[in-house]
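In case you want the letters, here they are:
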Amino acid sequence: MKEHKQIKDWGLGLTGPTIIAGPCSAESPEQIEQICIEMKENNIIPSMFRAGIWKPRTRPGSFEGIGEEGLKWMEIVRHHLNIPITIEVGNAAHAEIALRNNVDVVWVGARTTVNPFAVQEIADALRGTDIPVMVKNPMNPDLELWMGALERFHAVGLTKLAAIHRGFSDAYDKRYRNKPNWSMPMHLKRVWTGMEVINDPSHIVGKRDGILEISQKAMNFGLDGLMIETHHDPDNAWSDAKQQVTPARLKEIIDAIDFKKPVESEQPSERLNDLRRAVDHMDDQLLDILQERFAVIDQIGAHKREHHLSVFQSDRWKDVMESRTQKGVAKNLSEKFMKELLYCIHEESVKRQEKQLREADAVKK
Ligand code: PEP
Ligand code: MN
């Protein structure tokens, strides 16, 4: 297992949930100062301040970031709020400049995570330091690519790692700017134990309405923090104007969220233990049933072999799929779940039977 340090152990004095706020882009010292002042006035001091210094815009000609000069303005943030600063780095030069300017935490953006060459270049530039790195999910829902980027940083000795869930582009689903696809962050947490995932509702929703709803959902699922783009004058922001919120609105959002405690943070109650034991028992029963089911599948396979029948039979599959899905739905299981479950079981059955055929042929030869 890859050992890594969680946010509380980054040496920045952070205790969860991690709230990262600040503008999409640093625009001017006045802008940075006004955001800080309004955060203070509204009694909202985030865990970290974010600001885009170089902006990876989809089309050329839009504002591409203020550049290194903006990093000097981060002193204003330290002066007013005294909180760690995090910025996006998109190449090795950015990483070197971030180090030179004492940025506390860097993140890799979605457009960079898709490119292993760029990620490796950044990892090499950060080698030998212990700067914390957060990796946004790639534009496309590819868990391997997301994991791969985290692994590249881990491989050069950087252990202070976290992930950011900012959603995935989807040409058809217009409800979101980037579709959340909640199974992805959850799956990352399953395959990399202890990996914290910060949700970025701003880039998921793409507009001001709906940020609270997505944030609450993220907390319900057990994600570990939020990154929310915040600007004192969102309508006139130089990038992502539609989705930024004012510090006052940020405060309302944070106050409205019902933050959940991670289950592990408490001694599990007797009730939870009992329920989990019941689930363990039922999982054993499920496995016994599956074992029996596959034993019958093998007998069907033997029959098909004897009678020179091919394995896959479309009409039978259609029948199984439709009847079981209907029954499942009647038992309050979702149609999507039923279909995925049946595909999975059928796929395994077909593979087992085809393997039987091959083995029988091998014996004949
Ligand atoms: C951003 O955080 O402003 C940004 C560019 O995000 P993403 O990489 O998620 O598009
Ligand atoms: Mn942005």
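Scroll up a little and you will see the structure.
Below: a short report on this structure. (Residues numbered from 1 in each chain as written. Chains lettered and ligands numbered in written order. Predicted model: local features only at pLDDT ≥ 70, side-chain atom pairs only at ≥ 80, totals over all residues. Heavy atoms only, no water.)

### Some points on the coordination of the manganese ion (ligand 2)
The test is simple: Water is absent from the atoms considered, so a metal site may look incomplete; donors are defined as N, O and S atoms within 2.8 Å of the metal, or 3.2 Å for Na, K and Ca. Runs of E in the DSSP output that reach at least two residues are strands. Runs of H or I that reach at least four are helices, and both are numbered from the N terminus. Only protein chains enter the area calculation, which uses a 1.4 Å probe; residues under 20% of their type maximum are buried, those over 50% are exposed, and those in between are partly exposed.
Around the manganese ion (ligand 2), the donor atoms from the protein are Cys-24 (SG), His-203 (NE2), Glu-229 (OE) and Asp-240 (OD), and they sit 2.1 to 2.4 Å away. Each donor residue of the manganese ion (ligand 2) lies on one chain, and together they are spaced C-x178-H-x25-E-x10-D. Here the residue His-203 occupies a position in helix α9 (residues 201-205), and Asp-240 occupies one in the loop between β8 (225-229) and α11 (247-256), the gap between them amounting to 37 residues. Per residue, the accessibility class of His-203 equals that of Asp-240, and both read buried.

### Quick notes on the site of ligand 1
Quick reminder of the rule: What makes a residue near a molecule or strand is one non-hydrogen atom of that residue sitting within 4 Å of it. Throughout this description, a polar contact denotes any pair of N or O atoms lying within 3.5 Å of each other; where both atoms belong to protein, one of them has to be capable of donating a hydrogen while the other can accept it, and for residues adjacent in sequence the pair is counted only when both atoms sit in side chains. For the area figures, the Shrake-Rupley method with a 1.4 Å probe applies, and any residue is considered shielded solely by the protein chains shown.
In the region of ligand 1, the neighbouring residues are Cys-24, Arg-50, Lys-55, Glu-88, Trp-107, Gly-109, Ala-110, Arg-111, Lys-136, Arg-166, His-203 and Glu-229. His-203 has a polar side-chain atom sitting 3.2 Å from an oxygen atom of ligand 1. One of the side-chain nitrogen or oxygen atoms of Glu-229 is found 3.1 Å away from an oxygen atom of ligand 1. Coverage of ligand 1 by the protein chains reaches 99% of its 300 Å² of free accessible surface.

### As for the pattern of salt bridges
As a reminder of what qualifies: What makes a salt bridge here is a side-chain nitrogen of Lys or Arg within 4 Å of a carboxyl oxygen of Asp or Glu, nothing more.
Applying the stated rule across the entire model yields 28 salt bridges. For Asp-173, the salt bridge goes to Arg-175, with nearest N and O atoms at 2.7 Å. Note on Arg-175: relative accessible area 57%, which makes it exposed. Salt-bridge contacts for Lys-189 lead to Asp-224; the nearest nitrogen and oxygen are separated by 2.6 Å. In this pair, Lys-189 is assigned in helix α8 (residues 183-191) and Asp-224 in the loop between α10 (211-221) and β8, connecting sequence segments 35 residues apart.

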